[in-house]
Amino acid sequence: MKNLFPDDYKSSILEITPEYLKKRKLRGVILDIDNTLIGHNVPLPDEKVSALLEEYRRAGIGMCVVSNNRPERVAPFCEKIGVPDFVADALKPAAKGYIKAAEVLGLRPEETAAIGDQIFTDVWGARRAGCFAVLLKPIHKGGEGAFIAFKRILEIPILCLVKAHFRPPNS
């Protein structure tokens, strides 16, 4: 159960500022794509998320995308948002993709915040790798496919505990 519980829970990636990261001695971020940076099937992040990524760059925060998506999906997305480093076909919740991402950033996993919207992939994989795991409210539920919808149902009991433990995110 410990590996399914995030280190923090936030409404949006916009709450994960460079100051937030520095306060926790985190020097890099490992980012999920769908429902973390963008809604499902949305091509690019909105202006606020793009501005946050630029703040990370200016603050010297390393960024790497770790996704279960195919390279054909991840590579062009990362190019468009200016994040050159990514791990596609990561097989999350396997720890390997997170460990590789930290290595690419020149950091130890415990120096990175892994940010995502799913407990059974993003949080579990990040915790197994030793990263600081931040669970976000999904940007948009729906259109994700039957398997992800099923996992979201399975997440409900854990999510109830997470919400009880952390300040409830703004709706």
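The structure presented is a predicted model; accordingly, all values stated were derived computationally and were not measured. (Residues numbered from 1 in each chain as written. Predicted model: local features only at pLDDT ≥ 70, side-chain atom pairs only at ≥ 80, totals over all residues. Heavy atoms only, no water.)

When you look at the nonpolar core in this model, what are you seeing that I'm missing?
Across soluble globular proteins, nonpolar side chains show a tendency to be buried alongside one another. In terms of nonpolar packing, the biggest core is built from 28 residues, with I13, L21, V29, L31, L37, Y56 and I115 touching the most fellow members. Counting residues per element, the ones that place at least two in this core are α1 (18–23), β2 (28–31), α2 (47–58), β3 (62–66), α3 (71–81), β5 (112–116) and β6 (132–136). With residues up to four places along the chain from it excluded, the contact list for I13 reads L31, T36, L37, V49, L52, Y56, I115 and L136. (Core = buried A, V, L, I, M, F, W, Y, C linked by side-chain atoms within 4.5 Å. Buried < 20%, exposed > 50% of the residue type's maximum accessible area, 1.4 Å probe, protein only. Helix = DSSP H or I, 4+ residues; strand = E, 2+ residues; numbered from the N terminus. Contact = heavy atoms within 4.5 Å.)

For this particular structure, what's the right way to read helix α4 (residues 96–104)?
Among the residues of α4, G97, Y98, A101 and A102 are the ones counted as buried. Seen end-on, α4 carries its buried residues on one side only, within an arc spanning 135°. α4 presents K96 and E103 as exposed residues on the side facing more than 90 degrees away from its buried surface. Looking at the packing, one finds that the buried side of α4 touches β2, β3, β4 (86–87), β5 and α5 (119–129). Just beyond α4, the residue with positive phi is G106, at close to 75°. (Arc of directions from axis to C-beta.)

Got a minute to help me understand helix α6 (residues 146–165) in this structure?
Each turn of an α-helix holds 3.6 residues, which means side chains three or four residues apart point in the same direction. Between its first and last C-alpha atoms α6 spans 29 Å; for 20 residues at 1.5 Å apiece the expected length is 28 Å, and the two agree. In α6, a bend of some 50° at I156 exceeds every other bend along the element, and P157, a proline, comes one to four places later. All of the buried residues in α6 are K151, R152, E155, I158, L159 and V162. Looking at the buried positions of α6, the neighbouring elements they touch are β1 (8–10), α5 and β6. (Expected span 1.5 Å × (residues − 1). Bend = angle between axes of the 7 residues up to and from the residue.)

What should I look at first to understand the side chain of E111 in this one?
Examined against the element boundaries, E111 turns out to sit in the loop between α4 and β5. Taking relative accessible area as the criterion, E111 reaches 11% and is therefore assigned buried. Contact partners of E111, with chain neighbours within four places excluded, come to K25, L26, R27 and G28.

Even after reading the chapter, I still don't get the sheet that holds β3, so can you show me in this structure?
What holds strands together in a sheet is hydrogen bonding between their backbones, with the strands either parallel or antiparallel. The parallel open sheet is built from six strands, whose spatial order is β1-β6-β5-β2-β3-β4. Unpaired on one side and paired on the other, β1 and β4 mark the two borders of the sheet. Both β2 and β5 contribute to a ladder of four bridges, which runs parallel. In the sheet register, I30 faces β5, and the bridge partner there is A114. Where α2 meets the sheet, its contacts fall on β2, β3 and β5, and the angle it forms with β3 comes to roughly 130°. (Pairing = 2+ DSSP bridges. Axes fitted to C-alpha atoms, helices over the stretch in contact; angles between N-to-C directions.)

Got a minute to help me understand the pairing of β6 in this structure?
On a regular strand, each side chain points to the face opposite its neighbour's, so the side chains alternate between the two faces of the sheet. Most of β6 sits out of view: five of its five residues are buried. Of the two faces of β6, both are covered, the one formed by F132, V134 and L136 as well as the one formed by A133 and L135. The handedness of the β5 to β6 crossover, carried by α5, is right-handed. (Right-handed = clockwise from strand over helix to strand, strands pointing away.)

When you look at the packing of α5 against α6 in this model, what are you seeing that I'm missing?
Helix-helix packing: each pair is described by the crossing angle between the helix axes and the interaxial distance. Axis separation between α5 and α6 bottoms out at 10 Å; the angle between their running directions is 55°. Classified by the interaxial angle, the pair formed by α5 and α6 is oblique. Here I119, F120 and T121 of α5 come into contact with α6, specifically with K151, L154, E155, I158 and L159. Partitioning the contact of α5 with α6 into residue classes produces five nonpolar, one polar and two charged. (Parallel < 35°, antiparallel > 145°, perpendicular 65-115°, else oblique. Nonpolar A, V, L, I, M, F, W, Y, C, P; charged D, E, K, R; others polar.)

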